[in-house]
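The residues making up each chain are set out below.
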Amino acid sequence: MDIKREILKLKKERNAVIMAHNYQRPEVQDVADFVGDSLELAIKTSKTQADIIVFAGVRFMAETAKILSPKKTVLLPNYRAGCPMADMVTPEDVRKLRKKYPEAAFVAYVNTTAEVKAEIDICCTSANAVKVVESLPQKLIVFLPDRNLAHWVSTQVKDKEIIPFDGYCYVHNGFTLKDLLKARKKHPEAEVLAHPEAPPEVVENADFVLSTSGMIRHTKRSQAREFIIATEFGLSHRLKKENPEKEFYSPGPPRFCGNMKLTTIDDVYNSLLKMQHEIVLSQDIIERAKKSLERMLEVI
Ligand code: 13P
Ligand code: SF4
């Protein structure tokens, strides 16, 4: 069976669209209608005319699509594909912090559950976190769950106090300054691009701090021929595809998100064939979480 052809056939029959995150397996990216970062995917799904959204990513992304398009059927091809960082903060944590910091604005990275999004004031992604925080009237910001992204934002927005939650991404948090400096020595002409989920000492020693799609855009317009990329290895598929003449290196061993890699091309096919696994959220959660996401979309 030509699985790619079967997927395209089913997609047409069902009026479905396939969205894939930049870290998905190459063959999954290649069958998608759109591949992007969290922000681009949220915007695209909110505008799609399709009846069914197959979300090749992790659960919080599929939930975001459901919240923004509640009338559509949203499918997560592999139901085990979650984001460990998103599970580090609970709605109860947010409620406790609200009592402790009643005057603060609560900003949550999109890498959170729908239930957490329902408790906070505004969402952000790695692409717009600085803009989102700058847009708020409050001087005190509780930022969750990623402490590294919170730190990056605090270096960019000087007139606010940012209280970070202690979450982190196990993939990005593993990049080290030692490996980065080694890579720089080996490739002195290369530009260093780091994702803001990387540790502060790595981010501070990067030339540019960008979301995954921000990295793609940067490498395309930069005069540099070589790049050291501190993000999940899956991005290299697009980086190479869109810049065949340029070279990309990892600081230290390539780092993989096992959760992003759970989704296979077979999962995408079965998802469309059997209409699995549908994202179901309560009306109350959808309505409350939608406010935080829509507020974010107004800022950008
Ligand atoms: P972006 O693609 O939005 O930069 O996010 C990275 C990420 O870790 C998603 O899980
Ligand atoms: Fe979560 Fe990190 Fe994987 Fe992204 S790369 S899905 S933040 S664990």
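Residues numbered from 1 in each chain as written. Chains lettered and ligands numbered in written order. Predicted model: local features only at pLDDT ≥ 70, side-chain atom pairs only at ≥ 80, totals over all residues. Heavy atoms only, no water.

Student: Can you walk me through the site of ligand 2 in this structure?
Tutor: For ligand 2, the full set of nearby residues is Tyr23, Val58, Cys83, Pro84, Met85, Asn111, Cys169, Tyr170, Glu197, Cys257 and Met260. With respect to the detected pockets, ligand 2 is housed in the largest cavity. Here the shell around ligand 2 is composed, by residue class, of nine nonpolar, one polar and one charged. (Near = heavy atom within 4 Å. 1 Å grid on protein atoms, 1.4 Å probe; cavity = no way out; pocket = protein on both sides within 12 Å on 5 of 7 lines; lining within 4 Å. Sits in = over half its atoms within 2 Å of the grid points. Nonpolar A, V, L, I, M, F, W, Y, C, P; charged D, E, K, R; others polar.)

Student: I'm lost on empty space enclosed by the protein in this one. Help?
Tutor: Empty space among the atoms becomes visible once a probe the size of a water molecule is rolled across them. With the rule as written, the count across this model stands at two cavities of 30 Å³ or more. In this model, the largest cavity occupies a volume close to 240 Å³. Of the residues contributing to the lining of the largest cavity, the split by class is 14 nonpolar, seven polar and two charged. Considered as a void within the structure, the second largest cavity measures approximately 50 Å³ in volume. What lines the second largest cavity is simply Ser38, Leu41, Ala42, Phe55, Phe60, Met61, Thr64 and Val110. (Points joined across faces, edges and corners; volume = space filled by probe spheres on them.)

Student: Looking at this model, I keep getting lost on the pairing of strand E3 (residues 52–56). Mind explaining?
Tutor: Remember that side chains alternate between the two faces of the sheet whenever the strand is regular. In terms of burial, E3 is largely enclosed, as five of its five residues are buried. Burial along E3 is two-sided: the face carrying Ile52, Val54 and Ala56 and the face carrying Ile53 and Phe55 are both buried. Direction of pairing for E3 relative to strand E4 (residues 73–75): parallel, over a ladder of three bridges. When the bridges of E4 are listed, valine 54 appears paired with leucine 75. As a crossover connection, the stretch from E3 through helix H4 (residues 59–68) into E4 is right-handed. (Buried < 20%, exposed > 50% of the residue type's maximum accessible area, 1.4 Å probe, protein only. Helix = DSSP H or I, 4+ residues; strand = E, 2+ residues; numbered from the N terminus. Pairing = 2+ DSSP bridges. Right-handed = clockwise from strand over helix to strand, strands pointing away.)

Student: Explain the pattern of salt bridges to me, please; I cannot follow it from the model alone.
Tutor: Once the charged atoms of two side chains with opposite charge are near each other, the side chains can pair. Across all of its chains, the model carries 16 salt bridges by this definition. Of the charged contacts, one joins aspartate 207 and arginine 184 as a salt bridge, the two residues approaching to 3.1 Å between their closest N and O atoms. Taken together, the residues span a long stretch of sequence, with aspartate 207 in the loop between helix H10 (200–204) and strand E10 (208–209) and arginine 184 in helix H9 (residues 177–186) at a distance of 23 residues. The closest approach of N and O atoms between glutamate 294 and lysine 290, which form a salt bridge, is 3.9 Å. Here the residue glutamate 294 and the residue lysine 290 both occupy positions in helix H14 (residues 283–299), the gap between them amounting to four residues, near one helical turn. Residue glutamate 294 is classed as partly exposed on the basis of its relative accessible area, which comes to 37%. What makes lysine 290 partly exposed here is its relative accessible area of 22%. One connected set of salt bridges, linked through shared partners, spans Glu92, Arg95, Glu119, Asp284 and Arg288. (Salt bridge = Lys/Arg side-chain N within 4 Å of Asp/Glu carboxyl O.)

Student: Quick question: what am I supposed to make of the site of ligand 1 here?
Tutor: Around ligand 1, the surrounding shell holds 13 residues, and the nearest of these are His21, Ser38, Ser126, His195 and Thr212. Histidine 21 has a polar side-chain atom sitting 2.7 Å from an oxygen atom of ligand 1. Contact between ligand 1 and serine 38: an oxygen atom at 2.7 Å from a side-chain N or O atom of the residue. Surface burial for ligand 1 is 96%, taken as the share of its 300 Å² of free accessible area covered by protein chains. In this structure, ligand 1 is accommodated by the largest cavity. Along the lines of polarity and charge, the residues of the shell around ligand 1 split into four nonpolar, seven polar and two charged. (Polar contact = N/O pair within 3.5 Å; in protein donor to acceptor, adjacent residues only side chain to side chain. Areas by Shrake-Rupley, 256 points an atom, 1.4 Å probe, with all protein chains shown as cover.)

Student: Where do I start with the nonpolar core in this structure?
Tutor: Across soluble globular proteins, you tend to see nonpolar side chains buried next to one another. Within the largest apolar cluster, 81 residues are counted, with the highest numbers of intra-cluster contacts made by Val107, Phe143, Leu144 and Val153. Of the residues forming this core, the biggest block, six residues, is contributed by H4. In this view, phenylalanine 143 contacts Val107, Cys124, Ala129, Val133, Leu149, Ala150, Val153, Ile162, Ile163, Pro164 and Phe165; residues no more than four positions away in its chain are not counted. (Core = buried A, V, L, I, M, F, W, Y, C linked by side-chain atoms within 4.5 Å. Contact = heavy atoms within 4.5 Å.)

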